[in-house]
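# A closer look at the structure
Each chain, letter by letter, is given below.
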Amino acid sequence: MIGAGCGSSAPGRTDRWRRAVVMALLCLACSRAGSGFAAAAGGEKQRLTYWGSDPYAALAEAGKQRKLLLVEFYADWNRRSRWMSEQVLGDSSVRALVDRHFVAVQVPTGTADGAELAALYEVGDYPVIVIFNAGGEVLDKIDTTLDAEDFEQRLRAILLAVQGTGMWRLRVVYAAAETGDPQATDAAAEQLLAGLTPLAATDAAVWPVFENSLVMRYGSTAFRYVVEHAALFRDRIGAERVNGLLDETLLRAMLPYVVGSVPYERGAAEEMVQAAERLGLPSVWTLRSMAEVAALRETDDLALFAARVGLLADRLPESYQMSLALALEVVAQRGSAEAKKTAREIVGRVRAALVSPANAALLLQLAGRLE
């Protein structure tokens, strides 16, 4: 509980926390007054509105408003803490969700009181965000760096659990996905989906779990579930959104064959193409082309392989370009002069469009090996 182990009502703490609340509210008022100027001057992302810095006082407020309490342990000197506070808690969708369902406080751990609270909740590194119910019980401790979408999904999972819908398993799925363990993720997803009707899976709080790339993998529990109920999901979620999700899942699964990071399996590749055909997905032609290119890298006709990689680079999204360019390493190793010339042109085209200096440097080195 929020007061456990530290005496939340101890007289010695009351004055310190009261002063901290007053100072925090004054700072909050000043920050609100200057927010218009900051937005106009720098175009910075709007920050989350904090009730103050005293979680004990905020807990009472959360009870009055029938909301949960969100406590952000913040260290200005820590890069991950600043990033989480500015980019994730400052995200417009996250802010809207927090404002609607939570009372938020930011505890600066550089102060004496903040350091005492940080020690109580074992804050050893950042970021750390703790969620409490109105009774002061810890519902969740988020102590890993998440992007805005994943953080919002984590909060929605907590809300589902608190609202008594019997869907606390959703939180378990996200937690398993964060570990990167596909078997644990599939097991958690199976438990979640076993307790839902397909219609319930279209709920705005549940559907985003399918859009998590660690959960939604080709052949995974989530993938099979979406395929089985594709007609319902297209009707409720929208055909374009569902088809895009299935397309992306299949394309991600086929890419390692093209790149050569896993041995090419003709049967498995053909199964992916057939799955796209059965589902009527727009990616059928692209998947078949990728399978053909993957087969070509095993042959001596690397000039054709390079040319076909170039065609794929023109067709696939930007997020695939770096991987496709690196697939041409095989041409540098055993390609003809003609194949290397074609590969250099493709690598140069991809490198010119990159914004990452590190990736551009990798492709520059590859271009040198293709000389």
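Residues numbered from 1 in each chain as written. Predicted model: local features only at pLDDT ≥ 70, side-chain atom pairs only at ≥ 80, totals over all residues. Heavy atoms only, no water.

### Focus: the nonpolar core
Generally speaking, nonpolar side chains in soluble globular proteins are found buried as a group. Which entries qualify depends on this criterion: For our purposes a nonpolar core is just a set of buried Ala, Val, Leu, Ile, Met, Phe, Trp, Tyr and Cys residues, chained together by side-chain atoms within 4.5 Å. Note on classification: 1.4 Å probe, protein chains only; a residue is buried when its accessible area is under 20% of the maximum for its type, exposed when over 50%, partly exposed between these limits. Where helices and strands are cited, they refer to DSSP runs of H or I of at least four residues and of E of at least two residues respectively, numbered from the N terminus. Only heavy atoms enter the contact rule, under which two residues are in contact if any of them lie within 4.5 Å.
Phe 210, Met 254, Phe 305, Leu 324, Leu 328 and Val 331 are the most contacted members of the largest nonpolar core, which has 75 residues in total. Sort the elements by how many residues they give to this core and helix α11 (residues 239-259) lands first, with 9 residues. Every residue in contact with Phe 305, bar those within four places of it in the chain, is listed here: Val 258, Val 293, Leu 296, Arg 297, Ala 327, Leu 328, Val 330 and Val 331. Of all hydrophobic cores here, the second largest spans 22 residues; its members include Leu 48, Leu 68, Met 84 and Phe 151.

### Here's the deal with helix α9 (residues 221-228)
Here α9 has its buried residues at Thr 221, Ala 222, Phe 223, Tyr 225 and Val 226. On its buried face, α9 is in contact with α8 (182-194), α10 (230-237) and α11.

### Focus: the pattern of salt bridges
Test applied: Basic side-chain nitrogens of Lys or Arg form a salt bridge, by our definition, when they fall within 4 Å of a carboxyl oxygen of Asp or Glu.
Enumeration over the complete set of coordinates arrives at 14 salt bridges. Linking Arg 154 and Asp 140 is a salt bridge whose minimum nitrogen-to-oxygen distance equals 2.8 Å. Here the residue Arg 154 occupies a position in helix α6 (residues 148-162), and Asp 140 occupies one in strand β4 (residues 138-142), the gap between them amounting to 14 residues. Each member of the pair, Arg 154 together with Asp 140, is buried. Salt-bridge contacts for Asp 186 lead to Arg 217; the nearest nitrogen and oxygen are separated by 2.9 Å. Taken as a pair, Asp 186 in helix α8 and Arg 217 in the loop between α8 and α9 lie far apart in primary sequence, 31 residues in all. Using a relative accessible area of 18% as the deciding quantity, one classes Asp 186 as buried.

### Observations concerning helix α12 (residues 266-279)
This is how it is decided: Expected span, for any helix, means 1.5 Å times one less than how many residues it has. Think of the arc as the fan of directions from the helix axis to the C-beta atoms.
In a regular helix each residue adds 1.5 Å, so 14 residues correspond to 20 Å; α12 covers 20 Å between its end C-alpha atoms and thus fits that length. Listed as buried for α12 are Ala 268, Ala 269, Met 272, Val 273, Ala 275, Ala 276 and Leu 279. For α12, the angular spread of buried residues about the axis comes to 155°, placing them on one side. Opposite the buried face of α12, by more than 90 degrees, sit the exposed residues Arg 266 and Arg 278. With its phi angle positive at about 65°, Gly 280 sits one or two positions after the end of α12.

### Observations regarding the environment of Leu 324
Along the chain, Leu 324 turns up in helix α15 (residues 321-326). C-alpha of Leu 324 to C-alpha of Pro 256: the two residues are 68 residues apart in sequence and 9.7 Å apart in space. The contacts of Leu 324, once residues within four sequence positions are left out, are Leu 255, Val 258, Val 309, Leu 312, Ala 313 and Leu 316.

### Focus: the sheet that holds strand β3 (residues 128-132)
Which entries qualify depends on this criterion: Any two strands with at least two DSSP-identified bridges between them are counted as paired. The convention used is that axes are lines fitted to C-alpha atoms, helices contributing only their stretch in contact, and that angles between N-to-C directions extend from 0 to 180 degrees.
Strands sit in the order β2-β1-β3-β4 across an open sheet of 4 strands; the sheet is mixed. Among the strands making up the open sheet, the edge pair consists of β2 (102-108) and β4. Recorded for the sheet is a direction-independent mean angle of 15° between the axes of neighbouring strands. Note that strand β1 (residues 68-74) and β3 share 5 bridges and pair antiparallel. Across the sheet, residue Phe 73 finds its bridge partner in β3, namely Val 128. The strands that helix α3 (residues 79-88) touches are β1, β2 and β3; relative to β1, the one it contacts most, it runs at about 140°.

### Side note on the packing of aromatic side chains
Applied cut-off: Aromatic pairing here means that ring centres of Phe, Tyr or Trp (its six-membered ring) are within 6.5 Å. Orientation follows from the plane angle: under 30 degrees is stacked, over 60 is edge-to-face, and everything else is tilted.
Counted under the stated rule, the structure contains 10 aromatic pairs. Ring geometry for Trp 207 versus Phe 210: centroids 5.0 Å apart, planes at 45°, classification tilted. Taking relative accessible area as the criterion, Trp 207 reaches 1% and is therefore assigned buried. A ring pair is formed by Tyr 225 and Phe 233, whose centres lie 6.1 Å apart and whose planes are at 40°; its orientation type is tilted. The buried category is assigned to Tyr 225, whose relative accessible area is 11%. Among the aromatic residues, ring-to-ring pairing joins Trp 207, Phe 210, Tyr 225 and Phe 233 into one connected group.

### Digging into the pairing of β4
As paired elements, β3 and β4 share 4 bridges and run antiparallel to each other. Each bridged residue has a counterpart across the sheet, and for Phe 132 the counterpart in β4 is Val 138. Counting the residues that bridge the hairpin from β3 to β4 gives 5 residues, and of these Gly 136 lies at a positive phi of roughly 85°.

### Regarding unusual backbone geometry
Note: most residues except glycine have negative phi, and most peptide bonds are trans. For the bond from Tyr 126 to Pro 127, the omega torsion is 0°, close enough to zero to count as cis. A positive phi angle, close to 55°, is found at Arg 66, a residue other than glycine. Along the chain, Arg 66 falls in the loop between α2 (55-65) and β1. Arg 66 gets classed as exposed once you look at its relative accessible area, which sits at 78%. Although it is not a glycine, Glu 122 sits at a positive phi angle of roughly 55°. Note that Glu 122 resides in the loop between α5 (112-120) and β3.

### Some thoughts on the confidence of the model for the protein chain
Where we set the bar: Scored from 0 to 100, pLDDT records how confident the predictor is in each individual residue.
Of the residues in the protein chain, 85% have a pLDDT of 70 or more, and the chain-wide mean is 85. Looking across the protein chain, the model is least confident in helix α1 (residues 11-42), with a mean pLDDT of 36, and most confident in α12, with 97. Within the model, pLDDT remains below 50 along residues 4-43, and this stretch shows 30 contacts once partners closer than five positions in the same chain are excluded.

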